[in-house]
Amino acid sequence: MDAAIAVRRLRKQFGGRVVLDDLEFSVRRGEVFALLGPNGAGKTTTISILTTLQLPDAGDARVAGFDVATHPRDVQQRIALTGQAAAVDDVLTGAENLTMLGRLSGLRPRAARERSAELLERFDLTAAASRSVGTYSGGMRRRLDLALSLVVTPQVLFLDEPTTGLDTRSRRELWDVIRTLAAGGTTVFLTTQYLEEADQLADRVAVLHGGRIVASGTPSELKSRVGSEVVELRGPAGDLLREIPTDGTVRGLRSALDALDADGDEGIVGLRRPTLDDVFLALTDDPAPIPERSTP
């Protein structure tokens, strides 16, 4: 496998607390890979190590073919990172932010200006190019932040909860940008607290729990492991009263309905397919991992 990221037996602890415990996974070149996990699970720590901001206590990790501990400069030259907060200068305009970073990245003045204009157009910020970033909306700031990370096109782009705090429209606009980057060949490593986001964007998803990857696969593969369908019982106001996983068969559906009847439950019955929310809860609420299924 041609890996853009390869992690083997990675370990990290803070003050005696083990955050990453023999962590292992790999990311293929050109794919969108989403790392999910509860708050404090170690997602940001993982990104910090992969982007050379922290050193692991043990194990090794390679990004774009280079060891993050022994060749950090080689890694840094091939990656970009967008963190949880927009790293922009509020006083400068959008164009000035991009041009300045272009110059710092080694571009000549004219090339930096041209790259700035190109990215402003790509991220739908041309109309706001001469405005101070302090006047930008949250969605505009996040788009500018992502544009800054692409002044020099990276081989691997790390996005640590990039849409946190954005409204629905801005979040979906940023999804379109990420899809475009992936289509252009950039490997995208994504952490997010929005499971729908991972479902929409990721080629593969891994769930981090207890310092280790407890499940990985395509969104469809992971959802298939927690049952084909879920029978829901909702009250008159639409509030969820009860849900029963089924195996997707007629017999499984009848069994779920019989269970509702036996308990005397009343309400409106509906059927839905599992979501990544179901996968996440099954994996992080119960220490026993959900069963693996072979891929056809």
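Along each chain, residue indices are assigned from 1 in the same order as the chain's sequence is written. For this predicted model, a pLDDT threshold of at least 70 governs which residues receive local features, and a threshold of 80 or more governs which side-chain atom pairs are given and counted, while totals over whole chains, interfaces and linings are taken from all residues. Note that water and hydrogens are dropped before the side-chain values are worked out from all heavy atoms of the structure.

Before going further, it helps to examine the domain arrangement of the chain. Domain annotation for the chain reports domain 1 (3–88 + 136–223) and domain 2 (228–273). Here the limits of each domain have been adopted from an automatic or database domain assignment. For domain 1 and domain 2, the distance between their C-alpha centroids amounts to 37 Å.

Next up on the list: the environment of leucine 174. Secondary structure follows DSSP: runs of H or I at least 4 residues long count as helices, runs of E at least 2 residues long count as strands, and numbering of each begins at the N terminus. Counting through the fold element by element, leucine 174 comes out in helix α6 (residues 168–183). Given the relative accessible area of 2%, leucine 174 is considered buried. Along the sequence, leucine 174 and aspartate 285 sit 111 residues apart, while their C-alpha atoms lie 30 Å from each other. Contacts were defined at the residue level, with two residues in contact if any of their heavy atoms lie within 4.5 Å. Filtering out sequence-adjacent residues up to four positions away, leucine 174 remains in contact with Arg142, Arg143, Leu146, Pro162, Thr163 and Leu166. Any residue under 20% of the maximum accessible area for its type is buried, any over 50% is exposed, and the rest in between are partly exposed; the area is computed with a 1.4 Å probe on protein chains only.

A few words now on the packing of helix α5 (residues 138–148) against α6. Axes, fitted as lines to C-alpha atoms, cover a helix only where it is in contact. Angles between the N-to-C directions of the axes lie from 0 to 180 degrees. As a packed pair, α5 and α6 sit with axes 9 Å apart at the nearest point and diverge in direction by 15°. In terms of axis orientation, α5 runs roughly parallel to α6. Along this stretch, α5 crosses α6, giving a crossing that reads as right-handed. Every residue of α6 that contacts α5 at Gly139, Arg142, Arg143 and Leu146 is listed here: Ser170, Glu173, Leu174, Val177 and Leu181. When residues are grouped by polarity, Ala, Val, Leu, Ile, Met, Phe, Trp, Tyr, Cys and Pro land in nonpolar, Asp, Glu, Lys and Arg in charged, and all others, Gly among them, in polar. Residue classes in the contact of α5 with α6 are distributed as four nonpolar, two polar and three charged. The labels follow the angle: roughly parallel below 35 degrees, roughly antiparallel above 145, roughly perpendicular from 65 to 115, and oblique for the rest. Each helix crossing is assigned a hand: it is left-handed if the near helix lies turned anticlockwise from the far helix by less than a right angle, otherwise right-handed if that turn is clockwise.

Right, let's talk about the nonpolar core for a bit. Side-chain atoms within 4.5 Å link the members of a nonpolar core, which is a set of buried Ala, Val, Leu, Ile, Met, Phe, Trp, Tyr and Cys residues. Counting 45 residues, the largest nonpolar core has Leu98, Phe123, Leu144, Leu146 and Val205 as the members making the most contacts within it. Among the elements that make up this core, the one with the highest residue count is α6 (six residues). Within the second largest apolar cluster, 26 residues are counted, among which are Ile5, Val7, Val19 and Ala41.

The sheet contact formed by strand β9 (residues 204–209) and strand β10 (residues 212–217) spans five bridges and is antiparallel. Its bridge partner being in β10, valine 205 is matched across the sheet by glycine 217. Turn length for the β9-β10 hairpin, with the two strands adjacent in sequence and antiparallel, is two residues, and the turn residue glycine 210 shows positive phi of about 65°. In this analysis, strands are considered paired if DSSP registers two or more bridges between them.

What follows covers the packing of helix α3 (residues 94–104) against helix α4 (residues 109–122). As a packed pair, α3 and α4 sit with axes 8 Å apart at the nearest point and diverge in direction by 135°. The pairing of α3 with α4 is recorded here as oblique in orientation. Considering the relative orientation of α3 and α4, their crossing is right-handed. Every residue of α4 that contacts α3 at Gly94, Ala95, Leu98, Thr99, Gly102 and Arg103 is listed here: Pro109, Ala112, Arg113, Ser116, Leu119 and Leu120. Residue composition of the contact of α3 with α4, by class: six nonpolar, four polar and two charged.

Looking now at the environment of serine 137. Counting through the fold element by element, serine 137 comes out in the loop between α4 and α5. The spatial distance from the C-alpha of serine 137 to the C-alpha of valine 156 is 27 Å, given a sequence separation of 19 residues.

As summarised here, the arrangement of the four strands in space is β2-β1-β4-β5, forming an open sheet in which the pairing is antiparallel. Edge strands, defined here as strands with exactly one partner in the open sheet, are β2 (17–28) and β5 (66–67). Across two bridges, strand β4 (residues 58–63) lies against β5 in antiparallel orientation. Of the residues in β5, the one forming a bridge with arginine 62 is aspartate 67. In the packing of helix α1 (residues 43–50) onto the sheet, contacts are made with β1 (3–14), β2 and β4, and the angle to β2 comes to roughly 65°.

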